[in-house]
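# Geometric and topological summary
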Amino acid sequence: MKRLIIDCDPGNGITGANVDDGLALALALGSANVSLELITTVAGNTPCEQGFNVAKDLVERLGLAVPVVKGADRALVEPPEPWREALDNRVHNSNLAHLWQGVRQPGLFSPPQEEAAEAIAKLICANPGQITLVAIGPLTNVALAMERYPEMIDAVQEIAIMGGVFALDDYIKDTNFGLDPEAAQKVLTSGASITLVPMDVTTQTLMTHNDLNRIAKLNTALSNFVTETVRPWIDYSIQTRKLPGCRIHDALVIAWLLNQQVATAADYYVEVELRPGQTRGKSWRYRQPLWVDVGIGAPGGELIHVLQTVDNRLLIAMLEKALA
């Protein structure tokens, strides 16, 4: 049984917001060998409170007792305004907001007083070696948890992260690391056991309308949630990104933890660019550690398991099985 915390920035049901966090949550909730013990939210794909409402609404919709805790509203250093404006305008400026017409909106909920960083660190430290932390948004909450509870670095079984981009045309950096470079650098060089799922591999994933049609026929609470919220995002991706479907980045992180045949991986040292400029937030990978500070960040940390290729057919099959 995998005991998980999922730290995320879900946008399912929100006009213009990506839906891969919700797919990752659905895969975890529907998998018999996963115990999802805590969901926390962070500012990223959606504002933190909005993401909290999405996650809380899903848990309530399923009648589950999984705690949901709201986290950081902004990055450690990076100003949120340029990112927020770009993310909020991506659909409205494309005149495609109508794709979300009729989609059920998440309810409004009051978050608990406890902060996500506290909840994450306390649960991990109380269960040393037993909890895997899945971080599929900016790493602000995780960095804050490590800062306040350094013992968490040794206590966590593994941290599985979606973030980074190394060798993709047209991508300098990804949103998760770009929104909070300092947090990403702090976590990646912490010395914790880390698996990294970068965009180099997640852009090899794909969910089509045909896949979603099969999922719709399952007619379960989880499959209905996925069908309703993913449908407009597929249409948006087809029209704006010229894809035959949509990428399902974050779902691959959960799938890897459940079945490592879904992807291949190799070990690297990973750092994040912190200097001002266009490459701030870009990730770099090395076979050998950096012994000299070259301005990318403070050298350190352990080798990180980096996913490289994906079996998309197996990934979709795993989702279908979980949603049934």
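Residues numbered from 1 in each chain as written. Predicted model: local features only at pLDDT ≥ 70, side-chain atom pairs only at ≥ 80, totals over all residues. Heavy atoms only, no water.

The subject of this paragraph is the pattern of salt bridges. With the rule as written, the count across this model stands at 14 salt bridges. The partner of E37 in a salt bridge is R3, with the nearest N and O atoms 2.6 Å apart. Within this pair, whereas E37 is found in strand β2 (residues 34–41), its partner R3 is found in strand β1 (residues 2–8), the two being separated by 34 residues in sequence. Using a relative accessible area of 21% as the deciding quantity, one classes E37 as partly exposed. D211 is the partner of R214 in a salt bridge, and the nearest nitrogen-oxygen pair spans 2.7 Å. Of the two residues, R214 and D211 are both situated in helix α10 (residues 209–216); the distance of three residues between them amounts to about one turn of the helix. Because the salt bridges share partners, they merge into one network encompassing E115, E118, K122 and R148. (Salt bridge = Lys/Arg side-chain N within 4 Å of Asp/Glu carboxyl O. Helix = DSSP H or I, 4+ residues; strand = E, 2+ residues; numbered from the N terminus. Buried < 20%, exposed > 50% of the residue type's maximum accessible area, 1.4 Å probe, protein only.)

Counting residues in hydrophobic clusters, the biggest one holds 62 residues, and the most contacted among them are I6, I39, M207, V226, V230, I248 and V262. With near-sequence residues (within four places) excluded, V262 lies in contact with L252, A255, W256, T309, V310, D311, L314, L315 and M318. Listed in part, the 41 residues of the second largest apolar core include Y149, F166, L196 and V270. (Core = buried A, V, L, I, M, F, W, Y, C linked by side-chain atoms within 4.5 Å. Contact = heavy atoms within 4.5 Å.)

Burial runs high along strand β4 (residues 131–135): five of the five residues are buried. Burial of the side chains of β4 extends over both faces: I131, L133 and A135 are buried on one face and T132 and V134 on the other. As paired strands, β4 and strand β5 (residues 158–162) are joined by four bridges and run parallel to one another. Among the inter-strand pairings, T132 is bridged to a residue of β5, identified as E158. (Pairing = 2+ DSSP bridges.)

Packing of α10 against helix α11 (residues 221–241) leaves a shortest axis separation of 9 Å and a crossing angle of 165 degrees. Taken as axis vectors, α10 and α11 run roughly antiparallel relative to one another. The element α10 and its partner α11 pack so that their crossing is left-handed. Residues H209, L212, N213, I215 and A216 of α10 lie in contact with α11, whose contacting residues are S223, V226, T227, V230, R231, I234, D235 and I238. Residues belonging to the contact of α10 with α11 are distributed by class as follows: seven nonpolar, four polar and two charged. (Axes fitted to C-alpha atoms, helices over the stretch in contact; angles between N-to-C directions. Parallel < 35°, antiparallel > 145°, perpendicular 65-115°, else oblique. Left-handed = near helix turned anticlockwise from the far one by under 90°. Nonpolar A, V, L, I, M, F, W, Y, C, P; charged D, E, K, R; others polar.)

Its volume calculated, the largest pocket comes out at about 570 Å³. Lining the largest pocket are 24 residues, and of these N18, L87, R90, T175 and R241 lie nearest its centre. Looking at the lining of the largest pocket, the elements with two or more residues in it are α1 (20–30), α3 (81–92), α7 (175–179) and α11. No other element matches α3, which puts four residues into the lining of the largest pocket. The residue inventory of the lining of the largest pocket, partitioned by class, reads nine nonpolar, five polar and 10 charged. (1 Å grid on protein atoms, 1.4 Å probe; cavity = no way out; pocket = protein on both sides within 12 Å on 5 of 7 lines; lining within 4 Å. Points joined across faces, edges and corners; volume = space filled by probe spheres on them.)

This part takes up the packing of α1 against helix α13 (residues 312–323). Helices that pack against each other are described as a pair by the angle of their axes relative to one another and the distance between those axes. At a closest axis distance of 8 Å, the pairing of α1 and α13 adopts a crossing angle of 60 degrees. On the basis of their axis angle, the class for α1 and α13 is oblique. Where α1 crosses over α13, the handedness of that crossing is left-handed. Taken together, the residues of α13 that come into contact with α1 (itself represented by L23, A26, L27 and G30) are M318, L319, A322 and L323. Residue classes in the contact of α1 with α13 are distributed as seven nonpolar, one polar and no charged.

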